[in-house]
Amino acid sequence: MNHKQKYWLALLTEWRKNGRDGFTIPFIIGSQKYLSDNPKQDIKALIMSIIKNEEQEIYLKYCFSIEDIVMGIRDDTKILLQGHFPLFKDSNTQSKLFLTAFLNDLGENVETIISSLSDRYQNYIDKEEFSKNDRQRGDYSANESQFIRRVFSDYFGN
């Protein structure tokens, strides 16, 4: 695995091991501030990295407890989620990004979904509002920062 390019997979994998679902896109994008020598991905680069990854299917779903979209590992415990793999560049070859049925308003294809997600989240990312606690956006909590640092240290010696 190209570790630094798959920082998002390290975070999602460790979170899943804790029995948790996923993270918001701003949470994942913002976590890069804890990585050294990593070119910073934007939302489009993140989604493209997911589509091109060989290791893991990733889902996008609406999380009612935080009232936001989360991204997570689509493993055996999530295989029954209703949804589809959106088309990418008018082909059927994309099989790593799974969109749950509840998010059909994001678009029919990956390109439209990227645009929708960018419209929805770029402003929060620009303001460094990476996390959402008690339904309020802001910077990471101390526990979240500690989790990110530990994962990156374990995976990348960062």
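Residues numbered from 1 in each chain as written. Predicted model: local features only at pLDDT ≥ 70, side-chain atom pairs only at ≥ 80, totals over all residues. Heavy atoms only, no water.

On to the nonpolar core. Membership of the largest hydrophobic core comes to 43 residues, with the highest contact counts inside it found for Leu-60, Met-71 and Leu-117. The set of elements that each furnish at least two residues to this core consists of helix 1 (7-17), helix 2 (25-30), helix 3 (43-52), strand 2 (58-63), strand 3 (68-73), strand 5 (97-100), helix 4 (110-126) and helix 5 (142-156). Residue contributions to this core peak at seven residues, all from helix 1. Excluding anything up to four places from it in sequence, Met-71 contacts Leu-12, Asp-21, Gly-22, Phe-23, Ile-25, Ile-28, Leu-46, Ile-47, Ile-50, Ile-58, Tyr-59 and Leu-60. (Core = buried A, V, L, I, M, F, W, Y, C linked by side-chain atoms within 4.5 Å. Buried < 20%, exposed > 50% of the residue type's maximum accessible area, 1.4 Å probe, protein only. Helix = DSSP H or I, 4+ residues; strand = E, 2+ residues; numbered from the N terminus. Contact = heavy atoms within 4.5 Å.)

Here the focus is the packing of aromatic side chains. Enumeration according to the criterion identifies 13 aromatic pairs in this entry. With centroids separated by 4.8 Å and ring planes inclined at 85°, the aromatic side chains of Phe-27 and Tyr-140 adopt a geometry described as edge-to-face. You can see Phe-27 sitting in helix 2 and its partner Tyr-140 sitting in the loop between strand 7 (136-138) and helix 5, a full 113 residues away along the chain. For the pair Phe-27 and Tyr-140, one class covers both residues: buried. Ring centres of Tyr-34 and Tyr-140 lie 6.0 Å apart, and the angle between their planes is 50°; this geometry places the pair in the tilted category. A residue pair is termed long-range when its members are at least 10 positions apart, and Tyr-34 in the loop between helix 2 and helix 3 and Tyr-140 in the loop between strand 7 and helix 5 qualify at 106 residues. Like Tyr-140, Tyr-34 is buried. Grouped by ring-pair contacts, the aromatic residues Trp-15, Phe-23, Phe-27, Tyr-34, Phe-130, Tyr-140 and Phe-147 constitute a single cluster. Over the ring of Phe-98 we find Arg-74; its NZ or CZ atom is 3.9 Å from the centre of that ring. (Phe/Tyr/Trp six-rings, centres within 6.5 Å; stacked < 30°, edge-to-face > 60°. Lys NZ or Arg CZ within 6 Å of the ring centre and 35° of its normal.)

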